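# Observations on the three-dimensional arrangement
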Amino acid sequence: MNEPILARSTLNLALPAITTSTVLFLARIWNANGAEHSIGNAALMTVLAAGSGAAGAFLARAGDGPLAAAAFAISGGLALTGVAGYADGLSLPLLLWALATVIAYCFAARLWRADRLATLTHQRQTATRREEHGHVERVEALRAGAQIEVARSGAAYAEALAQALTARAALPGFDPAQLTRAGLPELPATEITKEY
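Note that the structure is predicted; figures quoted are calculated from it, not measured.

Attention shifts here to the overall build of the protein chain. Regarding its fold elements, the protein chain presents six helices and zero strands. For the protein chain, the sequential pattern of α-helices and β-strands runs α-α-α-α-α-α. The 196 residues of the protein chain split such that 16% are buried. Partitioning the contacts of the protein chain with sequence separation of at least 6, the portion at a separation of at least 24 is 62%. When the accessible surface of the protein chain is totalled, it reaches about 14400 Å², and 67% of it is carbon and sulfur.

Glancing now at a nonpolar patch on the surface. A cluster of nonpolar side chains, contributed by Leu11, Leu15 and Ile18, occupies part of the molecular surface with about 260 Å² of accessible area. By the element assignment, Leu15 lies in helix 1 (residues 3–35).

When you line up the elements, Thr81 lands in helix 3 (residues 65–86). Among the residues examined, Thr81 registers a relative accessible area of 16% and is labelled buried. A polar side-chain atom of Thr81 sits 2.7 Å from the main-chain carbonyl oxygen of Gly77. Other than its neighbours up to four places away in sequence, Thr81 contacts Val23, Ala27, Trp30 and Met45.

Structurally, Ser21 can be placed in helix 1. Taking the C-alpha atoms as reference points, Ser21 and Leu94, separated by 73 residues in sequence, lie 9.6 Å from one another. Within the structure, the side chain of Ser21 is placed 3.2 Å from the side chain of Trp97, a separation counted as a polar contact.

Attention shifts here to the pattern of salt bridges. Tallied over the entire structure, the rule returns two salt bridges. Here Glu140 makes a salt bridge to Arg143, at a shortest N to O gap of 2.8 Å. Of the two residues, Glu140 and Arg143 are both situated in helix 4 (residues 91–170); the distance of three residues between them amounts to about one turn of the helix. What makes Glu140 partly exposed here is its relative accessible area of 40%. Judged by its relative accessible area of 43%, Arg143 falls in the partly exposed class. A salt bridge links Arg152 to Glu149, with the nearest nitrogen and oxygen atoms 3.2 Å apart.

Rules and cut-offs
- Residues numbered from 1 in each chain as written.
- Predicted model: local features only at pLDDT ≥ 70, side-chain atom pairs only at ≥ 80, totals over all residues.
- Heavy atoms only, no water.
- Helix = DSSP H or I, 4+ residues; strand = E, 2+ residues; numbered from the N terminus.
- Buried < 20%, exposed > 50% of the residue type's maximum accessible area, 1.4 Å probe, protein only.
- Contact = heavy atoms within 4.5 Å.
- Areas by Shrake-Rupley, 256 points an atom, 1.4 Å probe, with all protein chains shown as cover.
- Patch = residues over 30% accessible without salt bridge, like charges linked within 9 Å, V, L, I, M, F, W, Y side chains within 5 Å.
- Salt bridge = Lys/Arg side-chain N within 4 Å of Asp/Glu carboxyl O.
- Polar contact = N/O pair within 3.5 Å; in protein donor to acceptor, adjacent residues only side chain to side chain.

Okay, here's the thing in structure tokens:
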């Protein structure tokens, strides 16, 4: 049951490095196919990166955080692609790749922390609700048990009273009127006392 969660978290941990590595790899392929020292290609990447950054700023002002973050990430990726495609050596693209990977992990760590806090909050709320429901169930079980005991004891008392009345009515010389004259409450007429 934990395997999909583990696979998803492993993919999440590797995703920033995979993304920046893919951008570097594609930029180096583009470099080998004619982008090296190409002013037109560098200008294209500069315009695209600036446009994406401007879109991110506009979205941030509009209050759409996730889309603004995506636009800024695309802007950074385009800038990395432009530099890696234009540069003739591999040292500058690798340096930018390392920097971009670190920045990507910094942003991802914030998201992971927020996600973890949300998960912990949900787990705590779920545990609290379970404890409250468990407490209510225990109280109701105790109340039902008490009601059952009261009913059992009442039934046992009624049965004992019925047996006592039957036994007393079966005694020779039993006179219910004598009990009434003595000041005791009158016993209800039962079938056995009606026979006498």
